[in-house]
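# Coordinate analysis (summary)
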Amino acid sequence: EHSFNLMGGYEYNFRDYYWMTAQNRDYDNDDIHYLAAGKVIFNANDNANQTSLISYLGRFNYNFAGKYLLSASFRRDGSSRFGPNTKWGNFPAFSAGWRISEENFMNSVPTISNFKLRASYGFTGNDNFADYRWISTMNQAKVAIGDNLTTSYYPSSIENPDLAWERTRQLNIGIDLGLWEQRLMFEGDFYHSISDNLLLNVPIPSTSGFTNVFTNIGEVSNKGLELNITSYNIDTKLKWTTQLNFSLNRSEVIALGADDAPMIFGVNSFGSMQKINMVGEPVFSFYGYKYDGVYMNQAEIDADPSAYESATPGDGRYVDVSG
């Protein structure tokens, strides 16, 4: 009645990427379609990057009598996209299931063909961002020194050797229920995940010489519910299947660094829609003035002490939240 399987693996991924573009001008005719036929090199660009990922992974599954299911897994990943101090991340996971419908006491309930409870808890990592973000990269520019045009280089980003894995830990609790030989099936899942060490471009004072820094900051929570109902109403030459589903997710920013200062993105001119990350609010909330209808006539504008100077009848009116 006991069965188990054990799996172990090793992965090595390496990507070496290079491309080049070139443009020439002043061709003798349109019949020779080769780059070298042009007399004037107009433009040339190239780009190169390398990425590597090493993974050790393993999983253990256990099954007793088809009723009790256990699983444990572990992976250790090392990515070249992180700083030299924090290239490696560890991600364990565990799950369990109980097929209640296989128990003897369920024989007296023929209506239920499948009844299963399941739960899981585990960690995942994220390295899905551009290469070399932890390195202080250099940009090229032209500078006039006297009568000569000279090439110069300047740092375009801040070095962060401690850039580390973004990690998400998630709890999932679910139920599977099948009735009348699986003619009607119900699936329900509740999940709660917390992501920390978020990989974000954080705005910083431009007096530093930069406008943002790519770093690990903050913590975000996601809670959700997923429901799915499937019914096989007719299963002959004519088939009729119905499926209903419902999902709900609520996100919340839990922390944003040492002082929890809000992060505002896309600051533009008056009336533009911006985004904000702020503790206690959903991730990337809309951030801007509170719209309160339109000014119907000049009298309404004159009576509103918070009206802006350029307001005319038909323009938007906004709530005065500060007095």
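Residues numbered from 1 in each chain as written. Predicted model: local features only at pLDDT ≥ 70, side-chain atom pairs only at ≥ 80, totals over all residues. Heavy atoms only, no water.

### Concerning the sheet that holds strand β14 (residues 263-265)
Cut-off, in case you're wondering: In short, DSSP must find at least two bridges between two strands for them to pair. Where helices and strands are cited, they refer to DSSP runs of H or I of at least four residues and of E of at least two residues respectively, numbered from the N terminus. To define axes, lines are fitted to C-alpha atoms, for helices over the stretch in contact only, and angles between the resulting N-to-C directions are given on a 0 to 180 degree scale.
With antiparallel pairing, the three strands of this open sheet are ordered in space as β14-β15-β16. Here the strands that pair on one side only, and so sit at the sheet edges, are β14 and β16 (285-287). Looking at each pair of strands side by side, their axes are set apart by 35 degrees on average, direction ignored. The pairing of strand β15 (residues 274-277) with β16 spans three bridges and is antiparallel. Across the sheet, the residue bridging to Ile 276 is Ser 285, located in β16.

### A look at the pairing of strand β8 (residues 166-179)
Note that strand β5 (residues 112-126) and β8 share 14 bridges and pair antiparallel. Bridging across to β8, Lys 116 finds its partner in Asp 176. Taken together, the 13 bridges between β8 and strand β9 (residues 184-196) define a ladder with antiparallel strand orientation. Of the residues in β9, the one forming a bridge with Ile 173 is Phe 190. In textbook terms, the turn of a hairpin is the stretch between consecutive antiparallel strands, and for β8 and β9 this stretch comprises four residues, one of which, Trp 180, has a positive phi near 50 degrees.

### Concerning the side chain of Thr 51
Selection criterion: Only protein chains enter the area calculation, which uses a 1.4 Å probe; residues under 20% of their type maximum are buried, those over 50% are exposed, and those in between are partly exposed. Contacts described as polar in this section are N or O atom pairs within 3.5 Å, which, within protein, must combine one atom able to donate a hydrogen with one able to accept it, while residues neighboring in sequence count only if both atoms come from side chains. Here a residue-residue contact requires only that any non-hydrogen atoms of the pair lie within 4.5 Å.
Tracing the backbone through its elements, the reader meets Thr 51 in strand β2 (residues 40-64). Of the residues examined, Thr 51 reaches a relative accessible area of 12% and is grouped as buried. Looking at Thr 51, its side chain comes within polar contact range of the side chain of Asp 131, at 2.7 Å. Discounting chain neighbours no more than four positions away, the residues touching Thr 51 are Asn 13, Phe 14, Arg 15, Ser 80, Arg 81 and Asp 131.

### Section: the sheet that holds β9
Sheet strands associate in pairs through backbone hydrogen bonding, adopting either a parallel or an antiparallel arrangement. Read across the open sheet, the nine strands follow the order β1-β2-β3-β4-β5-β8-β9-β12-β13; overall the sheet is antiparallel. Among the strands making up the open sheet, the edge pair consists of β1 (2-25) and β13 (239-255). For this sheet the average axis-to-axis angle between neighbouring strands, irrespective of direction, equals 10 degrees.

### Side note on the pattern of salt bridges
Convention followed: Every case where a carboxyl oxygen of Asp or Glu lies within 4 Å of a side-chain nitrogen of Lys or Arg is listed as a salt bridge.
Within this structure, the stated rule accounts for ten salt bridges. One salt bridge in this structure joins Lys 67 and Glu 103, with 3.7 Å as the shortest N-O distance. Of this pair, Lys 67 sits in the loop between β2 and β3 (68-79) while Glu 103 is found in the loop between β4 (88-99) and β5, placing the two residues 36 residues apart along the sequence. A relative accessible area of 9% places Glu 103 in the buried class. Close ionic contact of Arg 118 with Asp 176 constitutes a salt bridge, the shortest N to O distance being 2.9 Å. Residue Arg 118 is located in strand β5, and its partner Asp 176 is located in strand β8; the two are separated by 58 residues in the primary sequence. On the basis of relative accessible area, Arg 118 is assigned to the partly exposed category, the value being 24%. Three or more residues are tied together by salt bridges with common partners; here these are Arg 118, Asp 176 and Asp 189.

### A few points about the packing of aromatic side chains
Counted only if it meets this: Stacked, tilted and edge-to-face are the three classes applied to pairs of Phe, Tyr and Trp rings, where Trp contributes its six-membered ring and a pair requires centres within 6.5 Å; stacked means planes under 30 degrees apart, edge-to-face means over 60, and tilted covers the rest. Our definition puts a charge over a ring when NZ of Lys or CZ of Arg is within 6 Å of the ring centre and also within 35 degrees of the ring normal.
Applying the stated criterion to the full structure yields twelve aromatic pairs. Judged by centre distance (4.8 Å) and plane angle (35 degrees), the ring pair of Phe 82 and Trp 165 falls under tilted. In this pair, Phe 82 is assigned in the loop between β3 and β4 and Trp 165 in the loop between β7 (148-155) and β8, connecting sequence segments 83 residues apart. The class for Phe 82 is buried, based on a relative accessible area of 0%. Residue classification places Trp 165 among the buried positions, given a relative accessible area of 8%. Taking the centre distance of 6.3 Å and the plane angle of 45 degrees together, the rings of Tyr 308 and Tyr 318 count as tilted. Of this pair, Tyr 308 sits in the loop between α1 (298-303) and β18 (316-318) while Tyr 318 sits in strand β18, placing them ten residues apart in sequence. Of the residues examined, Tyr 318 reaches a relative accessible area of 24% and is grouped as partly exposed. Ring pairing ties together the aromatic residues Phe 82, Phe 91, Phe 129, Trp 165 and Phe 214, which thus form one cluster. Between the NZ or CZ atom of Arg 15 and the centre of the ring of Tyr 17, over which it lies, the distance is 4.7 Å.

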